[in-house]
Amino acid sequence: ALNAHTWDSTLLAWGGGGFLALDLPGHGDSSWREDGDYAPGRIAPDVADALAAATSDGLLADGFALVGQSLGGLVGLELLHSGRAAFARLVLVDVLPLKPEAANMVASFLDGPTSFASREEIVDRACAFGLGGQTVERGVFLNTRIAPDGRVVWKHHLGALGPRALQHLETQHLWDVIADTIVPIDLVAATLSLVDDTSWNRFTSLRPDATAVRLPGSHNLQEDNPVGLATTLRNLLV
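Residues numbered from 1 in each chain as written. Predicted model: local features only at pLDDT ≥ 70, side-chain atom pairs only at ≥ 80, totals over all residues. Heavy atoms only, no water.

Colleague: How would you explain the pattern of salt bridges if you had to name every residue and give the values?
Modeller: Within the structure shown, the criterion is met by 8 salt bridges. Note that Arg84 is salt-bridged to Asp49, the shortest N-O span being 2.8 Å. One end of the pair, Arg84, is in the loop between α3 (71-82) and β2 (89-93); the other, Asp49, is in helix α2 (residues 40-56), with 35 residues separating them in the sequence. For Asp49, a relative accessible area of 43% puts it in the partly exposed group. A salt bridge links Arg214 to Asp197; its shortest N-O distance comes to 3.9 Å. Here the residue Arg214 occupies a position in strand β7 (residues 212-215), and Asp197 occupies one in helix α9 (residues 197-206), the gap between them amounting to 17 residues. (Salt bridge = Lys/Arg side-chain N within 4 Å of Asp/Glu carboxyl O. Helix = DSSP H or I, 4+ residues; strand = E, 2+ residues; numbered from the N terminus. Buried < 20%, exposed > 50% of the residue type's maximum accessible area, 1.4 Å probe, protein only.)

So this is what it looks like as structure tokens:
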């Protein structure tokens, strides 16, 4: 339920160029799906097309690395599953193929009002659900718009779907992708994380070649600990 600007602080902390951040389908300024289905496997083809177009236009070099946080990371695994992964490395940020109930915190956050009296009201709600961070106010500003009636509404579709937003989040088949792919996969998780110890141990057992680290912060590490995440990504990718 974030947008490309969620990466701004991390990329500023990196201090260089060479990045492309995407609004996933139904997020940011991307169009909404009529069926409201944002399962990773459903939206992965659109992401593959966007990455292919960016490569064709010279915005991405061949053999780029893909960094995916939350839903973005699951999309990266689906691209590996479908054989449409043009990237040379995948870094998962605070996500693994978790059981749907692991996302109850996010689901509860989305299962709320579809409009608000002010952006401050949304900031307070995000913090109450553990989704806040150092730049939560800025993130809320970039992720909302003012409706004609003066109310504040989400730019992403998930906020309008309520409890239906995560109804297609079944990803257990992606554990086989993690086990079988020859593409390097690394994991950067938060200390206040959706990734529990059981899932962490399963990942490190399946991928003894992987780098797996935990950084202080909450689920949105790219906003909550951008310097730590940028340093970690630099160590992995440079």
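Colleague: Break down helix α11 (residues 226-237) for me, with residues and values.
Modeller: Taking 1.5 Å of rise per residue, the 12 residues of α11 would be expected to cover 16 Å, and the 16 Å separating its terminal C-alpha atoms lies within 8% of that figure. Buried-residue contacts for α11 involve α1 (8-14), β1 (65-69), β2, β6 (185-190), β7 and α10 (221-224). (Expected span 1.5 Å × (residues − 1). Contact = heavy atoms within 4.5 Å.)

Colleague: Please give an account of the pairing of β1 that cites residues and values.
Modeller: For a regular strand, side-chain orientation follows a simple rule: the groups alternate between the two sheet faces. Across 5 bridges, β1 lies against β2 in parallel orientation. By the bridge assignment for β2, Gln69 is matched with Val93. Crossover handedness for the path β1 to α3 to β2: right-handed. (Pairing = 2+ DSSP bridges. Right-handed = clockwise from strand over helix to strand, strands pointing away.)

Colleague: Now, about the environment of Asp186: what can you tell me, with residues and values included?
Modeller: Structurally, Asp186 is set in strand β6. Under the relative-accessibility criterion, Asp186 is labelled buried at 0%. In contact with Asp186, not counting residues within four places along its chain, are Arg89, Leu90, Val91, Leu92, Phe203, Ala210, Thr211 and Leu236. Among the polar contacts made by the side chain of Asp186, one reaches the main-chain amide nitrogen of Thr211 at a distance of 2.9 Å. (Polar contact = N/O pair within 3.5 Å; in protein donor to acceptor, adjacent residues only side chain to side chain.)

Colleague: How would you summarise the sheet that holds β7 if you had to cite specific residues and measurements?
Modeller: Reading across from one edge, β1-β2-β6-β7 is the order of the 4 strands in this open sheet, with parallel pairing throughout. Taken across any chain shown, the strands that pair with only one partner, and hence form the sheet edges, are β1 and β7. Recorded for the sheet is a direction-independent mean angle of 15° between the axes of neighbouring strands. Across the face of the sheet, α3 comes into contact with β1, β2 and β6 while running at roughly 135° to β1. Here α11 sits on the sheet in contact with β1, β2, β6 and β7, set at roughly 160° to β2. (Axes fitted to C-alpha atoms, helices over the stretch in contact; angles between N-to-C directions.)

Colleague: A description of the nonpolar core should follow, citing residues and the corresponding values.
Modeller: The tendency in soluble globular proteins is for nonpolar side chains to be buried side by side. By size, the foremost hydrophobic cluster in this structure holds 50 residues, and its most contacted members are Leu77, Leu79 and Leu96. The residues touching Leu79, leaving out its near neighbours within four places in the chain, are Ala44, Val47, Ala48, Leu51, Leu66, Arg84, Ala85 and Phe87. (Core = buried A, V, L, I, M, F, W, Y, C linked by side-chain atoms within 4.5 Å.)

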